[in-house]
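The residues making up each chain are set out below.
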Number of protein chains: 2
Amino acid sequence: MAPTLKGGDAALLPEFPRGPLDSYRARASFSWKELALFTEGEDMLRFKKTIFSALENDPLFARSPGAHLSLEKYRELSFLRCKRIFEYDFLSAGDMFESPLKVSTLIQCLGMYDWSLAAKYVLHTLIFGSAVFSSGSERHFTYIQKIFSMEIFGCFALTELSHGSNTKAIRTTAHYNPATEEFIIHSPDFEAAKFWVGNMGKTATHAVVFAQLHMPGGQCHGLHPFIIQIRDLKTLLPMPGVMVGDIGKKLGQNGLDNGFAVFHKVRVPRHNLLNRMGDVTPEGTYVSPFKDARQRFGASLGSLSWGRVVIMAMAVTNLKLAVSIAARFSATRRQFGPTEDEEIPVLEYQTQQWRLLPYLAAAYALDHFSTSLFLDMVELQRGLAAGDRSARQAELGREIHALASAGKPLASWTAQQGIQECREACGGHGYLAMNRLGVLRDDNDPNCTYEGDNNVLLQQTSNYLLGLLALRVQDGARIRSPLKSVDFLDSYPSILDQRFEVSSVADCLDSAVALAAYKWLCYLLRETHEKLNQEKRSGSGDFEARNCQVFHGRPLALAFMELMVLQSFHEHVHRPCVPPSLRAVLGRLSALYALWSLNRHTALLYRGGYFSDEQAGRVLESAILTLCSQLKDDAVALVDVIAPPDFVLDSPIGRADGELYKNLWGAILQDSQVLERASWWPEFSVNKPVIGSVKSKL
Amino acid sequence: MAPTLKGGDAALLPEFPRGPLDSYRARASFSWKELALFTEGEDMLRFKKTIFSALENDPLFARSPGAHLSLEKYRELSFLRCKRIFEYDFLSAGDMFESPLKVSTLIQCLGMYDWSLAAKYVLHTLIFGSAVFSSGSERHFTYIQKIFSMEIFGCFALTELSHGSNTKAIRTTAHYNPATEEFIIHSPDFEAAKFWVGNMGKTATHAVVFAQLHMPGGQCHGLHPFIIQIRDLKTLLPMPGVMVGDIGKKLGQNGLDNGFAVFHKVRVPRHNLLNRMGDVTPEGTYVSPFKDARQRFGASLGSLSWGRVVIMAMAVTNLKLAVSIAARFSATRRQFGPTEDEEIPVLEYQTQQWRLLPYLAAAYALDHFSTSLFLDMVELQRGLAAGDRSARQAELGREIHALASAGKPLASWTAQQGIQECREACGGHGYLAMNRLGVLRDDNDPNCTYEGDNNVLLQQTSNYLLGLLALRVQDGARIRSPLKSVDFLDSYPSILDQRFEVSSVADCLDSAVALAAYKWLCYLLRETHEKLNQEKRSGSGDFEARNCQVFHGRPLALAFMELMVLQSFHEHVHRPCVPPSLRAVLGRLSALYALWSLNRHTALLYRGGYFSDEQAGRVLESAILTLCSQLKDDAVALVDVIAPPDFVLDSPIGRADGELYKNLWGAILQDSQVLERASWWPEFSVNKPVIGSVKSKL
């Protein structure tokens, strides 16, 4: 049974205005409203509508066509908007607990409007807030209330100017002084300045600062988090001993004030140590529930995963926005045609379909995976909160860590490449700032490098898989995990005997075909395992041996991740509860994402013998093109499902009415000084250059 | 014999400051000065130095750390700087004729400083200027003098709001009225507004406008160029009937004022028709030296190629700047290491080498090709100017058109992807605007879409190759071309019988191996030819049949182009005149670019049987990594050759002294208001939000 709207509330999913997109909408194989309801459910659609309507109706959030905000002004606006989000209070603590997914939805909705705002809000409430909550103890809970009333404003300070990925090498120190029961927080030099810290540049009053904990006896217990006030609450001026500032303009997200801080022997009370993982007694004795620093680090993996899971959702959101803009553009932009007199929409060209539709499919598939990983993460977190210390809980933590560590790279890169493709697919108009593809690219970009550089993170996932295989080889242990993501690897030697046996394009149009091929790609696991052993046998140390990511660990982690995303989406679209009218289109999306991704690995499929003749490669290519052509009439309806309202999407060429040129022309003329003569006109008219006049000076 | 500097003029290539890059520089296998002299020659080095020094010593060109220029201010600055370039008069007309390559060098030098400036200068002098020169006749030469004295300022107006690639569908009209001997230039509606025109937004006084020429009798003779005054020379206000304005902010190149113009029955004198290709007599008779519109269009291919050749050089320049920044960063940024106490430069990691060094090699290889194509183009142009109407001249035009039409996509995409990789490889610091990778990405971006969208252009090249093959198949004609680029295709059936016969990595380290494999990739030509015939046999029209770019025409054109670049570089580095001390490093660059590019086609090599066992793929991968590791100690010296002076490179993390953190920290503190409290501080301290206060309104 297809879900339908209760009580005739058609306002939730209103009709689109009539216009040039009508013909594609009329040709769609399914109802976009049905798919929207099926994908999100009425409750979530209503929640999103509440947020979007609030923003659209509030002048503080007004879009200013062609506005050229200064850095200062943009940061002010982002701060004011962030404050207003508190006034809207879209989600109470109770709502969050009941429906954690709404937290993710709120972030995505704010991000669809503007990532600077979303980041500012998330860094304060979630990153700073949950650092205090999860690393601190009861004595710190007073901060939580102050966070949610915005009495204080927070940031999370781990990275330093000269250290990011290698957190162990962080150089800020915290020396305990039992005489005053204080820690002395100190930056040895400017290279140890806390750096890149979001919200620190202009707004934060408090920071969770990571520093090496030194005891009076000289012993160092490694990195620990401290909560430190960096600005005065009344004046927003820096606290004594703190040099805090703004790191300046970035490629994107310039409404967010990233900053730096140098601490000059700043004294903070003993109870400012966030002491969940390790504490210091008044007399100066170090106590920890963990045996060693390594175990303590392991326990913090869970919170690292959170960041990556959230970034996955952020990247997918960007991909959705970009592909919505490009698909509507392509359905209305006409260029060339079979006859001189008739021009056809560029979406009718095979090349344009192949450039865009796989990214549309990827947006659906990655969105589904990202949501389900978010829910797995919630389960993990609830277990932790309930004090679950079971082996399953620990295994679940490791599995989710592995999934998030490859999921973030896959999603952020797919978004990066997809946005670039969308921008190019819209030609010159994609290069106009007002059409928003540039902002999306710039705002998505840090997703590729923060919370762990993508290439570095992939190593976490390949190491996880290699570890499982090593246990199996050495101890005969079965390969399995709580979410069953790795269970298929248990039969890996026999999988490698399988061969591609599809000979017709028609047989290839279900994602099951790609699923089987992807499982065979555990070929990469064997290759990497053998490579590692070979390196070790030749006397390389662990560090050198692992330096074989390029053609081994890296593609292994990515292929594994693509399989995870694909498998999850494949199962989703084949569930019995899928309304019959949606099965065809969802099945095609799944198959297109699958085959398009798989096509990146064709060389390996041939090399390892899974593919053997020319036909295999040809079938794969034909199937991709067939799916593109089957999906092109559904493309507009598919983006109607994922695109936010025009106000939020904020792109003249991507508006729902499809009036490409009218919208563009209108927006151009709305810009300031568009028809005005340049103020410096006499520099042309009067001050003529004397050719070669300064040449003699050369 | 290695070239040496005359007269002890060591100031031309001064020593670099001592610092953290010393150790890599000391380990380099060659002298960077020797390579610089070998690659560019003393005369060109001196010319570049003259330009760079002039800019560095002129306060008008001062870099303003962290400046946040408004659009208006940036456009003013670009105009003033453009004017100053006329005052410097770096190149006289005589110099240009004697050493045309210096024109390209001048553009690249200005572009290394700022592409907005370079574009502004080039659009006026070269694009507008050469349109008048090559499309006009003697009666228009008066404009040329006015261009070079900047009495007028020009732009080139072809594209309209609703038409770019399909120039035949341009809708601006020019109706001839014999009574007044005038053309009436008219835009039927805003969709036909001239759009995207560089320099038109604020500065141009004149435009070359393309319009459909209609005769009094009603006949239309297609697109013709007219020179039209759009602004008053004294006031810079629009001329009557011209609505001209600025299209607003773009993703990059915002110092350039792109604009639009709508013509409302603007009357221009008959002699404003640029009449080289077609003219109208006073009485209203159309005359043309060409038989039909198609032939007339063919004759203009040459000038289209110019744009593409120049864009190639622009893209390569961007790639050089980006890899210079990323390589120096990677040689000085340390993260992790084999032991706890020792951190190693990230350039020592295999992944980082593989991410950056192939792009460094690509910069060298593409630079060489781009220069030689420029010189071929000069030859073509000289032939045209001398009235050469030979078959060889026509063939040369077609060949260069095919090379430029794929060269521009290959170079612009390589730069696009390379800059993105460099930005990510520099982690967070690559995301800081001051480090310039963002500007490079944004300024390079239009290279992918203007002067013909890359995907559309590739079709020109594949059509050229398919046309040659068809002639051979039908008429037995030999495949050959003036520059010999396609001659190898003549033996294509026998090439397809060849197989990869290299079994050791060592044998793979010369670019000859990849060269042979690339020639075998004429597999794609056969596949595409057969696909096309198959489509035609199944009844598809020409238009539909050609709609098979994705897995056929597109990769065919790209692989062909990679082969051209590779072959040219391979021959260059194997010439006897290469100084012995440079042979090893140049050979490695050639081999790395070759194998890295080839690796994109491994799937086809297996599929078509050129590769047959697992070993082939493994050897290829190992060879790439071996070359990376052989080149990593040369990387810094290699970028020392191609990087401009620090002032021009303008990136704290890419400075020649390698003082990564000092430079970064210094630049951060130079920014305005960096330590200052935000002006809106009371919005935090006093105006506290009341949580949920506006919720009730929802």
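In this text the structure is predicted, and so the values were computed from the model without any measurement.

Scanning chain A for helices and strands turns up 26 helices and 11 strands. With respect to the principal axes defined by its C-alpha atoms, chain A has extents near 90 × 80 × 75 Å. The buried share of chain A, taken over its 698 residues, is 61%. Counting only contacts in chain A whose residues sit at least 6 apart along the sequence, the fraction spanning at least 24 positions is 74%. Entry remark: accessible area of chain A is about 25300 Å², with carbon and sulfur atoms responsible for 54%. Across chain A, 72 positive and 74 negative side-chain charges occur, with their mean positions spaced 3 Å apart.

Quick look at the environment of B:Leu396 now. By the element assignment, B:Leu396 lies in helix H11 (residues 391-425). A C-alpha to C-alpha distance of 7.2 Å links B:Leu396 and B:Ser481, two positions 85 residues apart in sequence.

Another point: the interface of chain B and chain A. Contacts between the two partners involve 146 residues from chain B and, on the opposite side, 146 residues from chain A. In this assembly, chain B packs against chain A so that about 12900 Å² is buried in total across both faces, 61% of it on carbon and sulfur atoms. Taken together, the links from chain B to chain A amount to 14 salt bridges. Per-element accounting of the side of chain B that touches chain A gives the leading share, 11 residues, to helix H3 (residues 71-88) of chain B. Across the side of chain B that touches chain A, the residue classes break down as 63 nonpolar, 40 polar and 43 charged.

Bringing the packing of aromatic side chains into the picture now. Under the defined criterion, the tally for this structure stands at 50 aromatic pairs over all chains. Between A:Trp520 and A:Tyr610, the aromatic rings sit 5.3 Å apart at their centres with planes inclined by 35 degrees, giving tilted as the arrangement. With A:Trp520 in helix H16 (residues 511-520) and A:Tyr610 in the loop between helix H21 (602-607) and helix H22 (614-631), this pair connects stretches of sequence that are 90 residues apart. No difference in accessibility class separates A:Trp520 from A:Tyr610, as the two residues are buried. An angle of 55 degrees between the planes, with centres 6.2 Å apart, marks the rings of B:Phe500 and B:Tyr610 as tilted. Of this pair, B:Phe500 sits in the loop between helix H15 (492-495) and helix H16 (511-520) while B:Tyr610 sits in the loop between helix H21 (602-607) and helix H22 (614-631), and the two are 110 residues apart along the sequence.

This part takes up the packing of helix H10 (residues 350-385) of chain A against helix H19 (residues 549-573) of chain A. Residue and element names in this part refer to chain A. It is the contact of H10 with H19, at a shortest axis distance of 9 Å, that shows an interaxial angle of 90 degrees. The pairing of H10 with H19 is recorded here as roughly perpendicular in orientation. Taken together, the residues of H19 that come into contact with H10 (itself represented by Tyr364, Ala365, Leu366, His368, Phe369 and Ser372) are Met561, Met564, Val565, Ser568, Phe569 and His572.

A few words now on the pairing of strand S6 (residues 220-229) of chain A. All names here are of chain A. For S6, a buried count of seven out of 10 residues is recorded, marking the element as mostly surrounded by other parts of the structure. Across eight bridges, strand S5 (residues 206-214) lies against S6 in antiparallel orientation. By the bridge assignment for S6, phenylalanine 210 is matched with proline 225. The hairpin formed by S5 and S6 contains five residues between the paired strands, and glycine 218 there has a positive phi angle of roughly 105 degrees.

Residue and element names in this part refer to chain A. Strand order in the open sheet formed by three strands is S4-S8-S7, with antiparallel pairing between adjacent strands. With partners counted over all chains shown, the strands left at the sheet margins are strand S4 (194-198) and strand S7 (242-246), one partner each. The mean angle between the axes of side-by-side strands here comes to 25 degrees, regardless of whether they run parallel or antiparallel. Where S4 lies against strand S8 (residues 258-263), three bridges are found, and the strand directions are antiparallel. Counterpart to lysine 194 in the pairing with S8 is alanine 261.

Residue and element names in this part refer to chain A. Following the UniProt record, the feature "active site" (unreviewed entry) maps to Glu451 here. Examined against the element boundaries, glutamate 451 turns out to sit in the loop between helix H13 (437-444) and helix H14 (454-475). Assessed through its relative accessible area of 33%, glutamate 451 is described here as partly exposed. Here glutamate 451 is in contact with Leu304, Gly307, Arg308, Ile311, Lys408 and Leu457, once residues within four sequence places are set aside.

So, on to the pairing of strand S8 (residues 258-263) of chain B. Residues and elements named next belong to chain B. Within S8, six of the six residues are buried, leaving the element largely enclosed by the surrounding structure. Side chains Asn258, Phe260 and Val262 project from S8 onto one buried face, and the interleaved Gly259, Ala261 and Phe263 project onto a second face that is buried too. Two elements, strand S7 (residues 242-246) and S8, share five bridges in a ladder whose sense is antiparallel. For valine 244, the partnering residue across the bridge sits in S8 and is alanine 261.

Right, let's talk about the sheet that holds S8(B) for a bit. Residue and element names in this part refer to chain B. What the three strands build is an open sheet, ordered S4-S8-S7; its pairing is antiparallel. Looking at strand neighbours, the two that pair on one side only are strand S4 (194-198) and S7, the edges of this open sheet. Averaged over all pairs of adjacent strands, the angle between their axes in this sheet comes to 25 degrees, without regard to strand direction.

For these two chains of identical sequence, chain B goes onto chain A by a turn of 180 degrees and a shift of 0.0 Å along the axis, with RMSD 0.0 Å. Accordingly, the operation relating the two chain copies is best matched by a two-fold axis. For chain B, the smallest separation between a C-alpha atom and the rotation axis is recorded for B:Ala603, amounting to 1.9 Å.

What follows concerns the side chain of B:Ser568. Residues and elements named next belong to chain B. Assignment of secondary structure puts serine 568 in helix H19 (residues 549-573). There is a polar contact of 3.4 Å between the side chain of serine 568 and the side chain of histidine 368. Those residues in contact with serine 568 that lie beyond four places of it in its chain are His368, Phe369 and Ser372.

Next up on the list: helix H10 (residues 350-385) of chain B. An α-helical turn contains 3.6 residues, so any two residues separated by three or four positions project in the same direction. Residue and element names in this part refer to chain B. Compared with an ideal rise of 1.5 Å per residue, which puts 36 residues at 52 Å, H10 spans 52 Å between its outermost C-alpha atoms and is within 8% of the ideal. Along H10, the sharpest change in direction is near 25 degrees and occurs at leucine 356; proline proline 358 comes one to four residues later. A positive phi of about 80 degrees marks glycine 387, the residue just after H10.

Moving on, we get to the side chain of A:Glu424. Looking at where A:Glu424 falls in the secondary structure, it is placed in helix H11 (residues 391-425). Put simply, A:Glu424 is tucked away with no salt bridge, and the nearest opposite charge, on A:Arg355, sits 4.3 Å away. At 2.9 Å, the side chain of A:Glu424 forms a polar contact with the side chain of A:Gln420. A distance of 2.8 Å separates the side chain of A:Glu424 from the side chain of B:Trp413, its partner in a polar contact. Non-local contacts of A:Glu424, meaning those with residues more than four positions away in its chain, are made with A:Arg355, B:Trp413, B:Gln416, B:Cys448, B:Thr449 and B:Asp453.

Before going further, it helps to examine the state of the cysteines. Residue and element names in this part refer to chain A. Applying the stated criterion to the full structure yields zero disulfides over all chains. The thiol of cysteine 109 is unpaired, and the distance to the nearest cysteine sulfur, on cysteine 82, comes to 16 Å. For the unlinked cysteine cysteine 155, the closest cysteine sulfur is that of cysteine 82, found at 13 Å. According to the relative accessible area criterion, cysteine 155 is buried, its value standing at 0%.

Conventions used here
Residues numbered from 1 in each chain as written. Chains lettered and ligands numbered in written order. Predicted model: local features only at pLDDT ≥ 70, side-chain atom pairs only at ≥ 80, totals over all residues. Heavy atoms only, no water. Helix = DSSP H or I, 4+ residues; strand = E, 2+ residues; numbered from the N terminus. Buried < 20%, exposed > 50% of the residue type's maximum accessible area, 1.4 Å probe, protein only. Contact = heavy atoms within 4.5 Å. Areas by Shrake-Rupley, 256 points an atom, 1.4 Å probe, with all protein chains shown as cover. Lys, Arg positive; Asp, Glu negative; His and termini not counted. Charge placed at Lys NZ, Arg CZ, Asp CG, Glu CD. Buried area = accessible area lost by both parts, 1.4 Å probe. Salt bridge = Lys/Arg side-chain N within 4 Å of Asp/Glu carboxyl O. Nonpolar A, V, L, I, M, F, W, Y, C, P; charged D, E, K, R; others polar. Phe/Tyr/Trp six-rings, centres within 6.5 Å; stacked < 30°, edge-to-face > 60°. Axes fitted to C-alpha atoms, helices over the stretch in contact; angles between N-to-C directions. Parallel < 35°, antiparallel > 145°, perpendicular 65-115°, else oblique. Pairing = 2+ DSSP bridges. UniProt positions renumbered as here; feature names shortened; annotations may be inferred. Least-squares fit on C-alpha atoms with pLDDT ≥ 70 in both. Polar contact = N/O pair within 3.5 Å; in protein donor to acceptor, adjacent residues only side chain to side chain. Expected span 1.5 Å × (residues − 1). Bend = angle between axes of the 7 residues up to and from the residue. Disulfide = S-S within 2.5 Å.

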